[in-house]
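Each chain, letter by letter, is given below.
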Amino acid sequence: MDDPALGHPLDPAVDRARALIDAARQIFVLTGAGISAESGVPTFRDALTGLWARFDPEELATESAYRRQPTLVWQWYEHRRALVAATQPNPAHHALVQLAARKPVTLVTQNVDGLHQRAGSEHVVELHGNLFASKWLDGCGRCDTVDPVPGEPPHCALCGAMMRPGVVWFGEDLPRVARYRAEYAAEHCDLCLVVGTSGMVYPAAALPGVAKDHGAQVIVVNPQPSVLDQTADIVLAGAAGEILPRLWPQA
Ligand code: BV8
């Protein structure tokens, strides 16, 4: 029998998920690179092509790699910024905007692509920063840039400090406010919706477990099995862009 609203074959797990979402009072959403996959944004592991193919992402996305090879790492981020700028939010991003219009939602993302914001989501908690932000590495406190040289990190005209991508590198703590907001949301939700993450990167990966420990139900959306399936009450195996629009009415 088809789902009258959507013309999809009824899936009991989708029905159960819909009922949980409909009954939820406070929803904590955690997204990862998978929610942007249907926009064509390579996950940061996939982004290692060409010049960077020979590197381990967890090695390249570090301050030490940047200090050692600033131009190579800066160009990797410029390459990724160009890739992301050429993409658009997909139905999964837009569905979450619809959810937040119906329910109290805290949207926490591990992604640095800014696509949730471009879809219209507000108050997005970016645990790992944003590709399009930059900040100073060291710096005199009164830093001002020289004319940027394409492909090179900008430098302060006063002290020569180098600018760096405004993302959280491995080995760096998460932004304090973002981390606090994410932990608060996990501790105070009655439903946790996890979309498109392998659950491999900490401390973000611990958040669904925190929600569970505080009494929340957990729904995981991912075409592949992940370690977070063990925490889930419901696992919806499929692409976010197909599944999310089926879980609540869309405008
Ligand atoms: C910290 C910005 C401490 C940079 C990123 C051992 C155990 C535990 C922890 C550690 C450990 N060793 C080291 C650590 C710490 C480390 C860590 O977790 N390492 C991992 C690799 C083991 N963590 C850190 O370093 C963090 N900081 O711990 O600090 C500290 C404390 C105080 C003071 C100082 C220090 C910082 C982590 C942040 C790293 N930065 N990004 C950049 O992008 O260049 S993380 C980066 O990787 C991405 O941003 C992203 O968040 C993450 C990848 O994870 P996912 O988003 O899950 O993506 P992934 O590709 O893995 O999975 C995609 C999923 O989507 C898949 O499951 C796939 O099936 C699914 N999918 C595909 N298509 C779809 C889909 N799903 C739905 N729909 C689809 N269509």
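Residues numbered from 1 in each chain as written. Predicted model: local features only at pLDDT ≥ 70, side-chain atom pairs only at ≥ 80, totals over all residues. Heavy atoms only, no water.

Enquirer: Which parts of the structure should I look at to understand the UniProt feature "active site" (unreviewed entry) in the protein?
Expert: If you check UniProt for "active site" (unreviewed entry), the listed places come out as His128 in our numbering. Structurally, His128 can be placed in the loop between strand E3 (125–126) and strand E4 (129–137). Residue His128 is classed as buried on the basis of its relative accessible area, which comes to 12%. Once residues within four sequence positions are removed from consideration, His128 is found in contact with Thr109, Gln110, Val112, Val167, Val168, Leu174, Val201 and Ala204. (UniProt positions renumbered as here; feature names shortened; annotations may be inferred. Helix = DSSP H or I, 4+ residues; strand = E, 2+ residues; numbered from the N terminus. Buried < 20%, exposed > 50% of the residue type's maximum accessible area, 1.4 Å probe, protein only. Contact = heavy atoms within 4.5 Å.)

Enquirer: How should the packing of aromatic side chains be read in this particular structure?
Expert: Note on aromatic pairs: each is described by the distance of the centres and the angle between the planes. Inspection of the entire model under this criterion finds 4 aromatic pairs. Their ring planes at 65° and their centres at 5.0 Å tell us that Trp76 and Tyr77 sit as a pair that is edge-to-face. For the pair shown, Trp76 and Tyr77 are each scored as buried. Taking the centre distance of 6.2 Å and the plane angle of 40° together, the rings of Tyr180 and Tyr184 count as tilted. With Tyr180 and Tyr184 both in helix H7 (residues 176–187) and 4 residues apart, this pair spans about one turn of that helix. (Phe/Tyr/Trp six-rings, centres within 6.5 Å; stacked < 30°, edge-to-face > 60°.)

Enquirer: Help me understand the layout of surface pockets in this model?
Expert: It is a probe the size of a water molecule, rolled over the atoms, that shows where empty space is left. Taken as a whole, the second largest pocket encloses approximately 190 Å³ of empty space. What lines the second largest pocket is simply Val29, Leu96, Val97, Ala100, Val105, Thr106, Leu107, Gly120, Ser121, Glu122, His123 and Arg181. Put simply, the parts of the chain that give the lining of the second largest pocket at least two residues each are helix H5 (91–102) and strand E2 (105–109). (1 Å grid on protein atoms, 1.4 Å probe; cavity = no way out; pocket = protein on both sides within 12 Å on 5 of 7 lines; lining within 4 Å. Points joined across faces, edges and corners; volume = space filled by probe spheres on them.)

Enquirer: I would appreciate a short explanation of the domain arrangement of the protein in the present structure.
Expert: Quite often, the size of an interface is put as the accessible area lost when its parts meet. We note that the domain assignment places domain 1 (1–39 + 89–128 + 174–251) and domain 2 (42–86 + 133–167) within the protein. For domain 1 and domain 2, the distance between their C-alpha centres works out to 30 Å. Residue-level contacts link 7 residues of domain 1 with 6 residues of domain 2. Carbon and sulfur atoms supply 61% of the area buried between domain 1 and domain 2, which totals about 460 Å² over both sides. Applying the counting rule to domain 1 against domain 2 returns 0 salt bridges. Summed over the shared surface of domain 1 and domain 2, the result is 1 residue pair in polar contact (both at pLDDT 80 or more). (Domains from an automatic or database assignment. Buried area = accessible area lost by both parts, 1.4 Å probe. Salt bridge = Lys/Arg side-chain N within 4 Å of Asp/Glu carboxyl O. Polar contact = N/O pair within 3.5 Å; in protein donor to acceptor, adjacent residues only side chain to side chain.)

Enquirer: Sorry if this is basic, but what is going on with the sheet that holds strand E6 (residues 191–195) here?
Expert: Sheets are built from strands paired through backbone hydrogen bonds, the pairs being either parallel or antiparallel. Taken together, 6 strands build an open sheet; the order of strands is E3-E2-E1-E6-E7-E8 and the sheet is parallel. The open sheet is flanked by E3 and strand E8 (234–236), the only strands paired with a single partner. Sheet topology places E2 next to E3; 2 bridges connect them, and they run parallel. In the sheet register, Val108 faces E3, and the bridge partner there is Val125. Against the sheet, H5 contacts strand E1 (27–31), E2 and E6, and its axis sits at roughly 165° relative to E1. (Pairing = 2+ DSSP bridges. Axes fitted to C-alpha atoms, helices over the stretch in contact; angles between N-to-C directions.)

Enquirer: Help me understand helix H9 (residues 240–247), please; the structure alone is not making it clear to me.
Expert: Owing to its 3.6 residues per turn, the α-helix aligns residues three or four sequence positions apart on the same side. Of all 8 residues in H9, 6 are buried, a share of seventy percent or more. For H9, the full list of buried residues reads Ala240, Gly241, Ile243, Leu244, Arg246 and Leu247. Structurally, H9 contributes buried residues whose contacts are with helix H1 (12–23), H5, E6, strand E7 (217–221) and E8.

Enquirer: Is there a simple way to explain the nonpolar core in this structure?
Expert: One broad rule of soluble globular proteins: the nonpolar side chains tend to lie buried together. With 26 residues, the main nonpolar core has Leu96, Leu193, Ile219, Leu236, Leu244, Leu247 and Trp248 as its most contacted residues. Within the residue set of this core, elements represented by two or more residues are H1, E1, H5, E6, E7, E8 and H9. If we skip the residues at most four places from it in the chain, Leu236 touches Ala13, Val14, Ala17, Ile219, Val220, Val221, Asn222, Ile243 and Leu247. Among the nonpolar cores identified, the runner-up in size contains 22 residues, and Leu30, Val168, Val218 and Ala232 belong to it. (Core = buried A, V, L, I, M, F, W, Y, C linked by side-chain atoms within 4.5 Å.)

Enquirer: Got a minute to help me understand H5 in this structure?
Expert: Between its terminal C-alpha atoms H5 stretches 17 Å, which fits the 16 Å expected from 12 residues at 1.5 Å a residue. By the burial criterion, the buried members of H5 are Ala92, His93, Ala95, Leu96 and Leu99. The buried residues of H5 occupy one face: seen down the axis, they fall within an arc of 155°. Tucked inside the fold, the buried residues of H5 contact H1, E1, E2, helix H6 (115–119), E6 and H9. Where H5 starts, the residue carrying a side-chain oxygen 2.7 Å from the main-chain nitrogen of Ala92 turns out to be Asn90. (Expected span 1.5 Å × (residues − 1). Arc of directions from axis to C-beta.)

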